[in-house]
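The lines below spell out each chain.
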Amino acid sequence: MKSLSNFKPKKVLFIATRQIGDVLVTTPLISKARELWPDAEFHFLGYKGKMDMLKGNPDIAQIIGTSDRPGLAEYLSLFNRLFQRYDLAFVTQPSDRAYLYGLVAAFRRVGVLGGHPQGKQSASGDKTQKQNTWKKFVSMHTVEVDYFNQHVITEKLRLLEAFVQDPSDLFSQPINVTPPVGEALTPVIASQLTQSYVVLHPGPLTAYKRWPLAHWQALITYLVQRGLQVVLSASPAKQDLQLNQDILALLSDDVRVQVIDTAGKLSIPQAGALLRNAVLYIGVDTSITHLAAACNIPTITLFGATPPTNFGPWPNGFIGTQPYQLRARTQTVGNITILQGPGECAPCRKAGCLDRADSNSECLDLLEPSQVIAEVEKILG
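Residues numbered from 1 in each chain as written. Predicted model: local features only at pLDDT ≥ 70, side-chain atom pairs only at ≥ 80, totals over all residues. Heavy atoms only, no water.

**Q** Honestly, the nonpolar core in this entry has me stumped. Any pointers?
**A** It is characteristic of soluble globular proteins that their nonpolar side chains tend to be buried jointly. Trp37 and Phe90 are the most contacted members of the largest nonpolar core, which totals 67 residues. Top contributing element to this core by residue count: helix α12 (residues 287–294), with five residues. Leave out the neighbours within four places in its chain, and Trp37 touches Phe7, Lys8, Pro9, Val12, Phe42, Leu88, Phe90, Leu160 and Phe163. The next biggest cluster of nonpolar side chains, apart from the first, holds 29 residues, and it includes Tyr222, Leu243, Val259 and Val284. (Core = buried A, V, L, I, M, F, W, Y, C linked by side-chain atoms within 4.5 Å. Buried < 20%, exposed > 50% of the residue type's maximum accessible area, 1.4 Å probe, protein only. Helix = DSSP H or I, 4+ residues; strand = E, 2+ residues; numbered from the N terminus. Contact = heavy atoms within 4.5 Å.)

**Q** Can you help me understand the sheet that holds strand β1 (residues 11–16) in this one?
**A** Hydrogen bonding along the main chain pairs the strands of a sheet, whether they run parallel or antiparallel. Taken together, the six strands give an open sheet; going across it, the order is β3-β2-β1-β4-β5-β6, and neighbouring strands pair in parallel fashion. Taken across any chain shown, the strands that pair with only one partner, and hence form the sheet edges, are β3 (62–66) and β6 (141–144). Direction aside, neighbouring strands of the sheet carry axes that sit 15° apart on average. Direction of pairing for strand β5 (residues 109–113) relative to β6: parallel, over a ladder of four bridges. Paired with Leu113 across the bridge in β6 is Glu144. Docked against the sheet, helix α2 (residues 27–36) engages β1, β2 (41–47) and β4 (88–91), running at close to 165° with respect to β2. (Pairing = 2+ DSSP bridges. Axes fitted to C-alpha atoms, helices over the stretch in contact; angles between N-to-C directions.)

**Q** Please explain the side chain of Thr154 as it appears in this structure.
**A** Looking at where Thr154 falls in the secondary structure, it is placed in helix α6 (residues 152–157). Sequence-distant contacts of Thr154, defined by excluding residues within four places in its chain, comprise Phe171, Trp314 and Thr321.

**Q** I would appreciate a short explanation of the packing of helix α3 (residues 72–82) against helix α4 (residues 96–105) in the present structure.
**A** Each pair of packed helices can be described by the angle between their axes along with the distance between the axes. Where α3 meets α4, the axes come as close as 8 Å, and the angle between the chain directions of the two elements is 45°. Between α3 and α4, the crossing angle belongs to the class labelled oblique. α4 is crossed by α3, and the crossing has right-handed handedness. Where α3 abuts α4, its residues Tyr75, Leu78, Phe79 and Leu82 lie against Arg97, Tyr101, Val104 and Ala105. Residues belonging to the contact of α3 with α4 are distributed by class as follows: seven nonpolar, no polar and one charged. (Parallel < 35°, antiparallel > 145°, perpendicular 65-115°, else oblique. Left-handed = near helix turned anticlockwise from the far one by under 90°. Nonpolar A, V, L, I, M, F, W, Y, C, P; charged D, E, K, R; others polar.)

**Q** Just checking my understanding: could you explain the packing of helix α11 (residues 268–276) against α12 for this structure?
**A** Packing of α11 against α12 leaves a shortest axis separation of 10 Å and a crossing angle of 50°. Taken together, the axes of α11 and α12 are oblique relative to one another. Note that α11 runs across α12; the crossing there is right-handed. Judged by residue contacts, Ile268, Ala271, Gly272 and Leu275 of α11 engage Ile288, Leu291 and Ala292 from α12. Here the contact of α11 with α12 is composed, by residue class, of six nonpolar, one polar and no charged.

**Q** Would you mind going over unusual backbone geometry with me for this structure?
**A** Most peptide bonds adopt trans geometry, and most residues besides glycine take a negative phi value. With an omega of 0°, the peptide bond between Ala346 and Pro347 qualifies as cis. Within the secondary structure, Pro347 sits in the loop between β13 (336–340) and α14 (362–365). The phi torsion at Gln84 lies on the positive side, around 50°, for a residue other than glycine. Positive phi, normally seen in glycine, also occurs at Arg349, with a value near 60°. Along the chain, Arg349 falls in the loop between β13 and α14. Residue Arg349 is classed as partly exposed on the basis of its relative accessible area, which comes to 25%.

Shape is all these values report; function is a separate question.
The structure is reproduced here in structure tokens:
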């Protein structure tokens, strides 16, 4: 691959049309691009309501929001706003739509290519390979996803390989995820925080990443008996709010009084402020877990079907391409501890044992509260 180390774009567009966590993990790419091009103007395109992770980011001059399912009028408006306004576009998601946005917006593109969800070798001529063919054709450089062996931060940073003399230089200095600037908590929640507290986030986007209710009950009871307040975090989604209520219903009265349910009332920047003052965070594989890690507090995360080697929370300051092992019951890197349940099949990267969104995951069901409590004892002493 010919190096374009002398290429100096004036305007750059970063595209991440997916979830909140997918936006956050682009920040090391943005920071490294800023080092390469200190005078360039950076814009960011993503879905409306999914870009709070960029609040106050010093490198982004403009944020462009679009609907996840735009109508014709919105497409036309977006086309007029983007058309050939940029020298370079970073397509950080392998979707067709993200590539089309990049094609419209910029003279040059680099992008991520999709692969088989379980890492199997795609047959020539299959749908993914056909999609990748045209994406390679319209891009000056591409990086293929590897859901088992390549961390998502590494994947994003490798998009810069075309612009440096030695690609290894991209990983020779500490790599950090940039959290959003914090916002003050609501007065009601702030007034309830009267002692050292732990933040728990039980609700993932999908059921197969859940930890059993009874396990949360045991963990919360232990934390309260240890003299800590517990703050339950949740998105505004109905399923997350209900999950927190289900957990609270299992607690005894003397334990429940020491638990604060934020009930989806905090914005992402407010959640960041809450996390920065916590003594510990414990959560499942979800965007708030990545935010906790970026806020540099001790973080325990419970992983089931998802390979930590691909989407484990990045330990800020790590130097290199891969912080984690694919399979280890307990592994700690920096301020991050990843716990995995038993089972040779984990991580499978399927949607739970039934390979559907509402499935359970036996590896998480069998991850005992005692394993989590043991890590809490190590961290808090």
